[in-house]
Structure formats: C-alpha cells, structure tokens
Amino acid sequence: MTSARPAGDMSGALALVRKVVELRAQVKAWRGAGARIGLVPTMGALHDGHLSLVEIARRHAERVVVSVFVNPRQFAPTEDFARYPRQEAEDAAKLAEARADLMFAPTGSEMYPPGFCTEVQVGGPARGLCADTRPHFFTGVATVVTKLLLQCLPDVAVFGEKDYQQLLVIRRMARDLDIPVEILGAPIVREADGLAMSSRNAYLAAAERQTAARLNQVLAEAAAAAAAVRAPEDLAGIAAQAADALRTAGFRKVDYVEIRDAETLDPVSALGRPARILAAAWLGETRLIDNMAIPAR
Ligand code: AMP
C-alpha cells in the first residue's frame, strides 16, 4: 500500500491500494477501530456525480473506499473498453479533495486471475432496457460488483440513479445472494443544461454536446405528460413520441425510451405506483443514458 501518511495515522490522506489482501488488511484495521466502511464502485474518470456518491458514503460511514476499475467484462468486443478514459492521477487528487480514505485500483489480473471462470447471472430488473442491446452488460457488472463487495465487505455501498437499471439489479442481487451490505441510491448530478454527468460525455464533439442536452429535456417533457395520463395504455404513445423527438433532435439511434415501474422495472400495469422513464440513445458513436421519476399526480 502506498500512502501519504504512516500506518495508523487517521489524519485523512488518500491511500492507493492495488491488491485485495492490502484492501482487506486496511478495512480490517478500520473495522477494529470501530469504523463503519462505505464503498463507492466506479470506473474512474471521476466527475461531480461520482464525488456526490463519496459525499453520501461519508455521511453513512467513517471510512470510504472508492474503487476505480474499468471492468473489461461489462464491455462487448465492439464497445469502448480500449478508449474509455483513464486518468488515475486526476482521480486520486479528486478523491483526496473529497476526503475519501482509500482508492482501490486493482490491475486486470488482480481482479481476474488466470483461470477465472465464474459469473453472476442476474434476472428480474436485468431483463430488457439496456440488456436488449448490451446482453453481456449486467452479467459483467454483477460479477465485478459482487467481487468488490466481497473484497471490501462494506457496511454500505453507494450507486447512482444515473444507471437506474444497474442500481436495481445490484440491490436485487445483494438481497438474493445475502451479501451483508446496504445498497444506497444517489440522485443524478447534472450539468447546468441538465445533461447527466458521465465519463462518456468527454467523447462528445461540440455540436453533439449541444444536442445531448435534449435528452433530459425530452424525458422531462415526457415525464410531465405521463403524469397526466388516465390509463397505463397511454404511456407507450408518450414514450414513442419521446423517441421521435430524440431522433428529430439529431440522435442517430434510439435504443429505447420506456416508462416502467420504478421498483421492479416491469411494464406499468396500473397508475398510482412510482414510475420512471428511462432512455438510451446514440449521438454519433457515443451512447448516452438518462432517466427520471414520473411526477406523482
Ligand atoms: P461509472 O464510473 O460510470 O461506472 O459510475 C460509477 C458510479 O457513479 C455508478 O454508481 C453511477 O451510477 C454513478 N454515477 C455516474 N454518473 C453519475 C451522475 N451524473 N450522478 C450520480 N451518479 C452517477
């Protein structure tokens, strides 16, 4: 473990750890001193959305671990694993500033040693939406998050509503596998024009960046319209109109716009339960996702 402070010093520098055994040793020492542990899993290229998760973790735990690992298992061979932004030094500086305690940045072979052959298969909320176009995705996420939870054994782990389907999948998975952790959801942090912050926004050319802001606007308009319908059958038309509006705005392809039950992600069969509108759409070679709550009537 490299650290700007001597072992046992509780003064607040960020430790950088690459080995699971070192992570476990530090967490054990903190736990022995009576601290609760919070975990924030990320793929790095950190922005204010990630840092808001650190802040929430700090409210629930005395010690906060942030993992930074670009997980190859959640990318298909055609996807952006190779060009995904990696900026570890900047990430470490931001985490120190945000007063995280430990950055866990394992290598690929530390996470997936030779012979690795175990996967976590998830159902329920992992069906449909993003899984329709990224069938490998939630298995990859569930596998790495299970490993991170078991490596760190935190009391709480924080995930953003930005990846709403992922949040529900992880909540369900932790419950189904009896992983002793509380999963906390964090609100979406947005840019001034409403675009949800994302490490992938860095891919956008200037003109695409302008168009990108339409995604949250279109969803907000659709969410307002959805709040006023009289029957669940009317929701499909609202979602279809929103998809058309995205294509008109310049999105090259719309993977989906759907209005779903906010707790199960099942299709909405009755009004009155919490509902959510979710979308994924492409600007050039960049796939953006966003979602928001349907306001209660
Ligand atoms: P990522 O690095 O994209 O895998 O994201 C790591 C965590 O940060 C996930 O739980 C995301 O949902 C969360 N996150 C990413 N962007 C945002 C955002 N704009 N607001 C809130 N949480 C976010």
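Up top is the structure these notes are about.
Residues numbered from 1 in each chain as written. Predicted model: local features only at pLDDT ≥ 70, side-chain atom pairs only at ≥ 80, totals over all residues. Heavy atoms only, no water.

### A look at the sheet that holds strand 8 (residues 253-261)
Rules: Note on pairing: DSSP must find at least two bridges between two strands before they are called paired. Under the scheme used here, helices are H or I runs from DSSP no shorter than 4 residues and strands are E runs no shorter than 2 residues, and both carry numbers assigned from the N terminus. Only C-alpha atoms enter the line fits that serve as axes; for helices the fit covers just the stretch in contact. Angles between N-to-C directions range over 0 to 180 degrees.
Here we have three strands laid out as an open sheet, ordered 8-9-10, and antiparallel in their pairing. Two strands bound the open sheet, and with one partner strand each, they are strand 8 and strand 10 (286-293). On average, each strand axis in the sheet is tilted by 10 degrees relative to the strand beside it, whichever way the strands run. Both strand 9 (residues 275-283) and strand 10 contribute to a ladder of eight bridges, which runs antiparallel. Bridge assignment links Trp-282 to a residue of strand 10, and that residue is Arg-287.

### Some words on the side chain of Thr-139
Just so we agree on the cut-off: We call two residues contacting when some pair of their heavy atoms lies within 4.5 Å.
By the secondary structure assignment, Thr-139 is in helix 6 (residues 137-152). Other than its neighbours up to four places away in sequence, Thr-139 contacts Glu-119, Val-120 and Gln-121.

### Concerning helix 9 (residues 235-249)
Put simply, the test is: Expected span of a helix: the number of residues minus one, times 1.5 Å. Exposure is judged per residue with a 1.4 Å probe applied to protein chains only, and the accessible area is read against the type maximum: over 50% gives exposed, under 20% gives buried, and values in between give partly exposed. What the arc measures is the spread of directions leading from the helix axis to the C-beta atoms.
With 15 residues, helix 9 should reach 21 Å at 1.5 Å per residue; the first-to-last C-alpha distance of 21 Å fits that figure. Of all the residues in helix 9, the buried ones are Leu-235, Ile-238, Ala-239, Ala-242, Ala-243 and Leu-246. All buried residues of helix 9 project into a common sector of 140 degrees when viewed along the axis, lining one side. Of the exposed residues in helix 9, the ones pointing more than 90 degrees away from its buried face are Ala-236, Gln-241 and Thr-248. The inward-facing, buried residues of helix 9 contact helix 8 (206-227), strand 8 and strand 9. Of the residues trailing helix 9, Gly-250 is marked for its positive phi of about 120 degrees.

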